[in-house]
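Residues per chain are reported as follows:
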Amino acid sequence: DDVLIILREHVLPEDFVVVKYDVDEPSSATSGFSMEWGFLADLINSEELGLVDELFIELHFYYKQIKWGKKSYGTHSMKQALDLMLQLRECGFPVHAWQ
């Protein structure tokens, strides 16, 4: 099931919810590792965001200059990952980088 559906159907506002989201295997149906970025966009724009108290996420990115990651990680950069984390924190959302 989709994480947002699970939150909607099984979580109450008074519950303390921690979500750890990490996709380590690419899927042709989800455009590879960019699935994590899509999930964050969906979560941020959903009512279910209010049900999550803490979010741990590993955002995969490719950093050509130091040969970090794989090209299959998509077109997202390290700067985009850090900027996204900072923007979420500045909005008061408790998000943390997972390894």
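Residues numbered from 1 in each chain as written. Predicted model: local features only at pLDDT ≥ 70, side-chain atom pairs only at ≥ 80, totals over all residues. Heavy atoms only, no water.

Asks: Any chance you could explain the sheet that holds strand S3 (residues 95–97) here in plain terms?
Replies: Either a parallel or an antiparallel arrangement is found when strands of a sheet pair, and the pairing is made through backbone hydrogen bonds. Taken together, 3 strands build an open sheet; the order of strands is S1-S2-S3 and the sheet is parallel. Since the sheet does not close on itself, it has two edges, and those belong to strand S1 (18–21) and S3, each with one partner. Here the strands of the sheet are splayed against their neighbours by 20° on average, with no regard to which way each runs. As defined by bridge partners, strand S2 (residues 54–57) adjoins S3 across 3 bridges and the pair is classed as parallel. Paired with Ile57 across the strands is Ala97, a residue of S3. Contacts from helix H3 (residues 78–90) reach S2 and S3, with the element oriented near 155° to S3. (Pairing = 2+ DSSP bridges. Helix = DSSP H or I, 4+ residues; strand = E, 2+ residues; numbered from the N terminus. Axes fitted to C-alpha atoms, helices over the stretch in contact; angles between N-to-C directions. Contact = heavy atoms within 4.5 Å.)

Asks: Sorry, what's going on with the confidence of the model for the protein here?
Replies: The predicted coordinates should not be examined in detail at positions where pLDDT is low. Put simply, the protein has an average pLDDT of 79, and 76% of its residues get 70 or more. Per-residue pLDDT, averaged within each element of the protein, yields its smallest value for helix H2 (residues 35–44) (80) and its largest for helix H1 (residues 3–10) (94). (pLDDT = per-residue confidence, 0-100.)

Asks: Explain the packing of aromatic side chains here, please?
Replies: The relation between two aromatic rings is expressed through the spacing of the ring centres and the mutual angle of the planes. Tallied over the entire structure, the rule returns 1 aromatic pair. A centroid spacing of 4.0 Å and a plane angle of 20° characterise the contact between Tyr21 and Phe39, whose relative ring orientation is stacked. Of the two residues, Tyr21 is situated in strand S1 and Phe39 in helix H2; the sequence distance between them amounts to 18 residues. Like Phe39, Tyr21 is buried. (Phe/Tyr/Trp six-rings, centres within 6.5 Å; stacked < 30°, edge-to-face > 60°. Buried < 20%, exposed > 50% of the residue type's maximum accessible area, 1.4 Å probe, protein only.)

Asks: I would appreciate a short explanation of the nonpolar core in the present structure.
Replies: Grouped burial of nonpolar side chains is what soluble globular proteins tend to show. Grouped together as the largest cluster of nonpolar side chains are 23 residues, with contacts concentrated most on Leu7, Leu55 and Ile57. Beyond its immediate sequence surroundings of up to four residues, Leu55 is in contact with Val19, Leu40, Leu43, Phe93, Pro94, Val95 and His96. (Core = buried A, V, L, I, M, F, W, Y, C linked by side-chain atoms within 4.5 Å.)

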